[in-house]
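Spelled out from the first residue to the last, the chains are:
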Amino acid sequence: MKTLIFRSIAPYLTALVLLFSVFVTLRGHNEPGGGFIGGLLAASAFALYGIAFGVPEARRAMWFHPMSVAGTGLLLSAVSGLPSFFRDTPYLTGVWTTAPLFHFDVATIILFDIGVYLVVAGAMTSIALALEDSGEG
């Protein structure tokens, strides 16, 4: 689908869906949402861009390879459980602390959610672009 209207609105719609995916991820542990749903939204935004402009252009628009993003997210999710060892609690137990410069509470739970976001966004984007790429030609 390469109509003029779709190609004109696709960059704006992609940016809007990516922004909404970050919003859903950051509010996720208190209200409905979280890293998984946010990651699916981000992957759908990149898939939309790929449909509008083609897979090569979508890959050029992304800064990192999607599987590198997924690997980084997996590492971040695994590392988010390490602070619980210093408190003598089970792995992945949420640890709260106060940010020294901003004076608000921060938890390791948000690091885990961001890691899940990156894993899902990277893996699903990679799958979506591979499927779109196999359909062209």
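Residues numbered from 1 in each chain as written. Predicted model: local features only at pLDDT ≥ 70, side-chain atom pairs only at ≥ 80, totals over all residues. Heavy atoms only, no water.

Let us look at the overall build of the protein chain. Helix and strand counts for the protein chain stand at 6 helices and 2 strands. Along the protein chain, helices and strands appear, N-terminal first, in the series α-α-α-α-α-β-β-α. Seen along its three principal axes, the alpha-carbon backbone of the protein chain occupies a region of about 55 × 25 × 25 Å. In the protein chain, buried positions account for 34% of the 137 residues. Residue pairs at least 24 apart in sequence account for 65% of intrachain contacts in the protein chain once pairs closer than 6 positions are excluded. Total accessible area on the protein chain stands at roughly 8500 Å², and carbon and sulfur atoms take up 73% of it. Charge separation in the protein chain, taken as the distance between the mean sites of 6 positive and 8 negative side-chain charges, equals 9 Å. (Helix = DSSP H or I, 4+ residues; strand = E, 2+ residues; numbered from the N terminus. Buried < 20%, exposed > 50% of the residue type's maximum accessible area, 1.4 Å probe, protein only. Contact = heavy atoms within 4.5 Å. Areas by Shrake-Rupley, 256 points an atom, 1.4 Å probe, with all protein chains shown as cover. Lys, Arg positive; Asp, Glu negative; His and termini not counted. Charge placed at Lys NZ, Arg CZ, Asp CG, Glu CD.)

Even without glycine at this site, D88 takes up a positive phi of about 60°. Inspection of the secondary structure assignment puts D88 in the loop between α5 (83-86) and β1 (96-98).

So, on to the packing of aromatic side chains. Following the criterion strictly, the structure yields 3 aromatic pairs and no others. Judged by centre distance (4.8 Å) and plane angle (45°), the rings of Y49 and F53 are tilted. You can see Y49 and its partner F53 sitting in helix α2 (residues 35-53), 4 residues apart, about one turn around the helix. (Phe/Tyr/Trp six-rings, centres within 6.5 Å; stacked < 30°, edge-to-face > 60°.)

As a further point, take the confidence of the model for the protein chain. When pLDDT is averaged along the protein chain, the result is 90; 96% of the residues meet or exceed 70. When pLDDT is averaged over each element of the protein chain, helix α4 (residues 66-79) comes out on top at 96 and strand β2 (residues 105-107) at the bottom at 81. (pLDDT = per-residue confidence, 0-100.)

Quick look at α2 now. A rise of 1.5 Å per residue sets the reference length of α2, with its 19 residues, at 27 Å; its end C-alpha atoms lie 27 Å apart and thus fit the reference within 8%. The first or second residue beyond α2 is G54, which carries a positive phi of 95°. (Expected span 1.5 Å × (residues − 1).)

Helix length check: helix α1 (residues 4-26) (23 residues) gives 34 Å between terminal C-alpha atoms against 33 Å at 1.5 Å per residue, within 8%. Of all the bends in α1, the greatest reaches close to 40° and is centred on A10; the proline P11 follows between one and four positions later. Within the span of α1, buried status applies to F6, A10, T14, S21, V24 and T25. (Bend = angle between axes of the 7 residues up to and from the residue.)

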